[in-house]
Amino acid sequence: HRDVMERITQISLNSASIEELLGRVLDEMLTVFNADRAYFLYSCDPDAPSWSVPMERTRPEWPGAFARGMVIPMTPETAEVFRELLASTKPLPYGPAASRCIPAAVAEQFSVRSLIQMALPPKVGSPWVIGLHHCAQACAYDEDDLLIFGDIGLRVADALSSMIILKNLRASEENLSRAQAVGQVGSWLLDIPTNRLEWSAETYRIFGIPQQE
């Protein structure tokens with residue numbers, strides 16, 4: 001358990017993008033749980049008209065919705081699964097050894113014999129879902145499996161929140177820079193405790209000073 005979480009922590013710290021974070025986490029999950037398919041769903045919104053699979057890792061013989069580029073219409077059965085995930089703070093197992101049955105459409109379309117998934121509520125934006133499928137044969141998930149899966153989910157939710165916030169901040173900064181360039185207006189920020197003065201790119205241009213100075 002400790003080794004797994006250390007690897008997930010390193011992935012969270014060293015991933016340069018959301019895509020890299022999600023992909024590397026799923027690679028790790030395929031190995032840890034000996035699963036046939038691991039995935040992220042977005043968004044976990046039972047009232048939305050559809051949902052998709054923005055990232056997935058699979059065994060070659062078990063391609064999933066990501067490989068097909070599917071936008072999947074919401075059904076009452078899926079909406080009910082999403083509501084159950086959002087109401088739980090722990091991962092939920094499905095299959096013959098669990099108390100929950102696999103949704104019929106999932107079992108039929110993707111050959112799923114058992115699965116485990118969990119809602120990830122980031123601090124900004126809509127919730128995601130992290131999950132994995134066993135297709136070749138059913139898996140009876142024990143308490144250790146649920147504990148490790150849950151800890152991975154919480155760690156990823158934190159990392160995902162940080163990356164989404166940073167991505168939104170960068171987008172806001174880019175929009176501000178474009179607006180200042182169009183309006184030919186600069187801005188500056190003085191950090192009083194450190195006495196550090198920062199100028200925007202447009203302020204440098206207005207004063208005719210190279211940004212490296």
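Placed above this text is the structure.
Fair warning: this is a prediction, and the values are worked out from it, not measured in the lab.

Participant: Explain the pattern of salt bridges to me, please; I cannot follow it from the model alone.
Facilitator: For side chains of opposite charge, pairing can occur when their charged atoms come near one another. With the rule as written, the count across this model stands at eight salt bridges. As a salt-bridge pair, Asp-47 and Arg-83 come within 3.7 Å of each other at their nearest N and O atoms. Note that Asp-47 is positioned in the loop between strand E1 (37-42) and strand E2 (50-58) and Arg-83 in helix H4 (residues 76-87), a separation of 36 residues in sequence. In this structure Asp-47 comes out as exposed when scored by relative accessible area, which is 66%. Since its relative accessible area comes to 39%, Arg-83 is described here as partly exposed.

Participant: What's the story with the packing of aromatic side chains in this structure? I'm lost.
Facilitator: In the structure shown here, the tally under the stated rule is six aromatic pairs. Seen from their ring centres, Trp-51 and Phe-82 are 6.0 Å apart, and the 70° between their planes marks the pair as edge-to-face. In this pair, Trp-51 sits in strand E2 while Phe-82 sits in helix H4, placing the two residues 31 residues apart along the sequence. As far as the burial class goes, Trp-51 and Phe-82 line up, both buried. Ring pairs connect the aromatic residues Phe-40, Tyr-42 and Trp-128, which therefore count as one cluster.

Participant: I keep staring at H4 and nothing clicks. Help me out?
Facilitator: Every α-helical turn comprises 3.6 residues, leaving residues that sit three or four positions apart pointing alike. Compared with an ideal rise of 1.5 Å per residue, which puts 12 residues at 16 Å, H4 spans 17 Å between its outermost C-alpha atoms and is within 8% of the ideal. Restricting attention to buried positions, one finds in H4 the residues Thr-78, Ala-79, Val-81, Phe-82 and Leu-85. One side of H4 holds all its buried residues, which, seen down the axis, span an arc of 160°. For H4, the exposed residues lying more than 90 degrees away from the buried face are Pro-76 and Ala-87.

Participant: What am I meant to see in the nonpolar core here?
Facilitator: Nonpolar side chains in soluble globular proteins generally cluster together in the buried interior. Judged by nonpolar contacts, the single largest core of 33 residues is most densely connected at Val-25, Met-29, Phe-40, Ile-130, Leu-132 and Ile-152. Residue assignment for this core shows that the elements contributing at least two residues are helix H1 (2-14), helix H2 (18-33), E1, strand E5 (114-120), strand E6 (128-134) and helix H6 (143-183). Of the residues forming this core, the biggest block, 10 residues, is contributed by H6. The contact partners of Leu-132, leaving out residues within four places of it in the chain, are Met-29, Phe-33, Ala-35, Arg-37, Ala-38, Tyr-39, Ser-114, Leu-115, Ile-116, Tyr-141 and Phe-149. Core analysis: the next-biggest nonpolar cluster, separate from the first, contains 20 residues, Cys-44, Val-53, Ile-102 and Val-112 among them.

Participant: I would appreciate a short explanation of the pairing of E6 in the present structure.
Facilitator: Consecutive side chains along a regular strand alternate between the two faces of the sheet. With respect to burial, E6 is a largely interior element, seven of its seven residues being buried. Both faces of E6 are covered, namely the face carrying Trp-128, Ile-130, Leu-132 and His-134 and the face carrying Val-129, Gly-131 and His-133. Strand direction decides the pairing type here: E1 and E6, joined by six bridges, are antiparallel. Looking across to E6, one finds that Phe-40 is bridged to Ile-130.

About the thresholds
Residues numbered from 1 in each chain as written. Predicted model: local features only at pLDDT ≥ 70, side-chain atom pairs only at ≥ 80, totals over all residues. Heavy atoms only, no water. Salt bridge = Lys/Arg side-chain N within 4 Å of Asp/Glu carboxyl O. Helix = DSSP H or I, 4+ residues; strand = E, 2+ residues; numbered from the N terminus. Buried < 20%, exposed > 50% of the residue type's maximum accessible area, 1.4 Å probe, protein only. Phe/Tyr/Trp six-rings, centres within 6.5 Å; stacked < 30°, edge-to-face > 60°. Expected span 1.5 Å × (residues − 1). Arc of directions from axis to C-beta. Core = buried A, V, L, I, M, F, W, Y, C linked by side-chain atoms within 4.5 Å. Contact = heavy atoms within 4.5 Å. Pairing = 2+ DSSP bridges.

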